[in-house]
Structure formats: structure tokens, C-alpha cells
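# Descriptive structure summary
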Amino acid sequence: FKIIFNHPLSSFDTAGIQVLKDTLPDIIRPDIQIDENNPRTLLVAHNWKAASTYRFELAAGAVTDWFGLTCDTLRNEFGVPDVKELGVLNINVVDLDSTLTYTLELLSKSDKLVASYKVQDQSSFKTTLKNMPPGVYKLKMIEDLNGNGRWDPGNYDLKLQPERLFEKDLEELRANWEVEAEVEPVFN
């Protein structure tokens, strides 16, 4: 899992970070590092056991940011679901114009970004997302003319049309199911 802070991080002290399994006194030693691509993020990796509960504790002062500020105490409990409680989502997008760039976003029911892909120089795109929570997902595609990874509105003064969008609700993903979603976009 990851913890996102307000400021970029400069250091952390593992002595102030504790992970307990099922609230037992057995302390787990996860691999902890600052994300190289996003220095505001602290990555905590471990071979988490399915159907288990963990308690994470970050002591005050255990993390220091670039400005010399330290964190407050943070406690969080989280569970790792059993694989049978999750599903697999296979997405296959066909009939793309290989001369264009597309940004594909997989969104949850509440429009929260789950995954994002940049598709360029391809007439089709295929991906498999394993261990997905059950629910309703939506695929949003942007005909990304300037390649910036987001939708841009038009500009009346420059006589530019807005980038075209395509959205499709996917079949509901249920626990222990595998959903095949073949999408042929028709842009508005």
C-alpha cells in the first residue's frame, strides 16, 4: 500500500514504523521506501496474506519532508481480502486509429480513477486487471490530440474543437468472476 503526504519526503525512520498482523505482537518488517516517481508517496510492500487484518502505526516524527517538518502519529487498520472475494477484468479495445493518441481511464462507480493507460501507434489495446474488487466500472476514452494525458476543451479564439470523448459502462464485476469487455469506441 502507499501513504501520500502533502509535501515531498526526504527521509524516514523504520524504528517509528510498525506493522502488526491480526493485532498480535508479531511485528512484520515490510519493505518501505519513498517512491522515486512521486516523492510525496511512501510505499509499504510486504507479502500480505489473504483474508488477514493488519494494523499499521507510524509514530510521530518517523517521516521528515523536504522542509524539515515531521509527521504526526498515524494509525490505520486494513484487511487483505481473500482472492475468492475479488475478480478479473479483461479489457479489449478495438478499431482505434493508429495515427492518434488515446488516453484510457478505468473509473469506479463513484468516478474514482482505478487505472490509466496511454495508447499510441496501436489499432487495438488489451489489458488484464487481476484482483479487482467487485463492482461496476466505466471505461472513459479521450482522443488525446495533444498527448497530455487529459481531456482539453476547445478554444474558440484558436478555432480548436474539444477533444472527443467516449464512455462505456462495463458489465458488473462480481466476486470470483472474470469479465471480458470488448469495446469498440464511437466518439461524439
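Structure: above.
Residues numbered from 1 in each chain as written. Predicted model: local features only at pLDDT ≥ 70, side-chain atom pairs only at ≥ 80, totals over all residues. Heavy atoms only, no water.

## Details of the sheet that holds strand β3 (residues 17–21)
Taken together, four strands build an open sheet; the order of strands is β4-β3-β7-β9 and the sheet is antiparallel. In the strand order of this sheet, the two ends are held by β4 (27–28) and β9 (74–80), each with one partner. (Pairing = 2+ DSSP bridges. Helix = DSSP H or I, 4+ residues; strand = E, 2+ residues; numbered from the N terminus.)

## A few points about the pairing of strand β11 (residues 101–108)
Burial within β11 is extensive, with eight of its eight residues counted as buried. Of the two faces of β11, the one carrying Thr101, Thr103, Glu105 and Leu107 and the one carrying Tyr102, Leu104, Leu106 and Ser108 are both buried. Linking two consecutive strands that pair antiparallel, namely β11 and strand β12 (residues 113–120), is a turn of four residues; a positive phi of about 65° is found at Asp111 within it. Direction of pairing for β11 relative to strand β14 (residues 137–143): antiparallel, over a ladder of seven bridges. By the bridge assignment, Ser108 is partnered in β14 with Tyr137. (Buried < 20%, exposed > 50% of the residue type's maximum accessible area, 1.4 Å probe, protein only.)

## Comments concerning the packing of aromatic side chains
All told, the structure shown has nine aromatic pairs when counted by the stated rule. Between Trp48 and Tyr54, the ring centres sit 4.9 Å apart and the planes meet at 75°, which makes this aromatic pair edge-to-face. Ring centres of Trp48 and Phe78 lie 5.4 Å apart, and the angle between their planes is 85°; this geometry places the pair in the edge-to-face category. Separated by 30 residues along the polypeptide, Trp48 in the loop between β6 (41–45) and β7 (52–58) and Phe78 in strand β9 bring together distant segments of the chain. Following the ring pairs from residue to residue traces out a cluster consisting of Phe1, Trp48, Tyr54, Phe56 and Phe78. (Phe/Tyr/Trp six-rings, centres within 6.5 Å; stacked < 30°, edge-to-face > 60°.)

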